Amino acid sequence: MLFITNSSSNPITFSSEATSLAKEVGVDLRGYTFTARKEDLRRPRIVRVGAIQNTVDIPTTAPIHVQRDALHEKVSNILRVAASAGVNIICFQEAWTMPFAFCTREKFPWCEFAEDAEHGPTTKLMKELAKQYNMVIVSPILERDSNHNDTIWNTAVVISNNGNFIGKHRKNHIPRVGDFNESTYYFEGDTGHPVFETQFGKIAINICYGRHHPQNWMMFGLNGAEIVFNPSATIGALSEPLWGIEARNAAIANGYFTVAINRVGTEVFPNEFTSANGQPAHKDFGPFYGSSYIAAPDGSRTPALSRDKDGLLVAELDLNLCRQVKDFWGFQMTQRLPLYAESLAKVTKPDYKPQVIKEN
């Protein structure tokens with residue numbers, strides 16, 4: 001925690017209505033605050049951000065509409081808790097309307113989960129709830145693009161607190177590691193690094209595997225993001241040692257808040273699949289470890305949610321902290337973008353030779 005701020009992650013005391021509703025819904029509700037230095041010329045810019053991690057409870061063998069409807073109902077109930085807790089902006093986990101079936105490399109029935117980003121049933125429902133709760137909703141789904149030959153994308157839809165579709169962002173980096181063979185279904189996104197200006201602040205979405213790429217985080221910052229969500233689906237055997245580091249590092253390096261969200265639970269599929277690593281075939285790829293957390297640009301962060309329970313993490317942020325940290329550290333002032341651009345342009349050419357100097 002920087003000495004120039006009063007930033008902290010002190011617990012939030014929620015109303016009895018919110019805590020009772022959380023127990024009724026069966027979600028672990030936790031909340032923390034981040035403060036900033038009091039300024040003379042700017043008022044505090046206070047916003048409450050929420051992150052939802054949840055299991056997929058319906059068997060993957062159930063009809064597609066049954067699985068999707070069950071998740072719609074489950075997350076809608078958690079949204080009631082979020083509204084009661086005063087959340088202004090909320091984000092769900094990656095591809096939240098379905099099991100994370102991309103490990104199977106099977107096209108059917110999983111492609112049936114894909115839907116239109118702007119007019120599909122999930123976005124239609126979220127528009128209604130966003131308006132009802134006066135809440136910005138970030139809804140990561142499997143997108144079906146009917147304007148471009150029914151292609152599929154891993155997409156985050158952004159809906160305003162007025163219930164309007166603001167826009168969407170498609171996943172920039174696609175994993176090809178272990179059971180995460182997502183290029184079987186969709187390729188790298190084509191939407192760049194958009195920042196969505198909402199009533200409560202400027203937000204962006206770095207979907208899952210993009211958190212391993214510092215340049216991806218950087219570009220959202222260069223476009224003015226104040227909060228960057230990282231909706232994910234990742235398992236302990238693969239990424240847990242990296243989890244608590246990457247989003248926190250990004251918050252420090254780029255001068256914004258980050259919200260790291262991961263699934264919980266184990267999803268079992270009807271057919272066996274292999275990991276191409278010589279190990280026996282299996283019907284699941286292990287438990288998602290949850291542990292969602294929120295980090296601030298001064299390096300402080302909240303405790304993580306549970307590794308195995310449905311959870312709603314709420315953080316009350318003062319967005320003034322973003323500029324205060326930038327002023328103190330000067331990372332944005334001292335970075336050498338023209339130098340990087342020149343070097344990267346050289347690296348991408350076929351005749352590139354690394355800049356290595358050897359003794360004669």
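Each value, and the rule that gives it
- Residues numbered from 1 in each chain as written.
- Predicted model: local features only at pLDDT ≥ 70, side-chain atom pairs only at ≥ 80, totals over all residues.
- Heavy atoms only, no water.
- UniProt positions renumbered as here; feature names shortened; annotations may be inferred.
- Core = buried A, V, L, I, M, F, W, Y, C linked by side-chain atoms within 4.5 Å.
- Buried < 20%, exposed > 50% of the residue type's maximum accessible area, 1.4 Å probe, protein only.
- Contact = heavy atoms within 4.5 Å.
- Helix = DSSP H or I, 4+ residues; strand = E, 2+ residues; numbered from the N terminus.
- Arc of directions from axis to C-beta.

Under the annotation held in an unreviewed UniProt entry, the protein chain carries the name Beta-ureidopropionase and is attributed to Culex pipiens pipiens. Comment text from UniProt for the protein chain, heading Pathway (unreviewed entry), reads "Amino-acid biosynthesis; beta-alanine biosynthesis." According to the UniProt record, the Sequence similarities (unreviewed entry) comment for the protein chain reads "Belongs to the carbon-nitrogen hydrolase superfamily. BUP family."

Participant: Can you tell me about the nonpolar core, naming the residues and giving the values?
Facilitator: The biggest cluster of nonpolar side chains holds 33 residues, and the ones touching the most others in it are Ile203, Ile227, Phe229, Phe257 and Leu317. In contact with Phe257, other than residues within four places in its own chain, are Phe34, Glu226, Ile227, Val228, Ala295, Ala296, Pro297, Leu317, Asp318, Leu319, Leu321 and Cys322. One finds Ile52, Ile90, Val157 and Ile159 within the second-largest nonpolar core, a separate group that totals 32 residues.

Participant: Account for helix α1 (residues 16-25), naming residues and giving values.
Facilitator: For α1, every residue scored as buried is listed here: Ala18, Leu21 and Ala22. Taken around the axis of α1, the buried residues stretch over an arc of 105°, which confines them to a single face. Along α1, exposed side chains directed more than 90 degrees from the buried face belong to Ser16, Lys23 and Glu24. Buried-residue contacts for α1 involve β2 (28-33) and α2 (64-84). The positive-phi residue at the C-terminal boundary of α1 is Gly26, with phi of around 85°.

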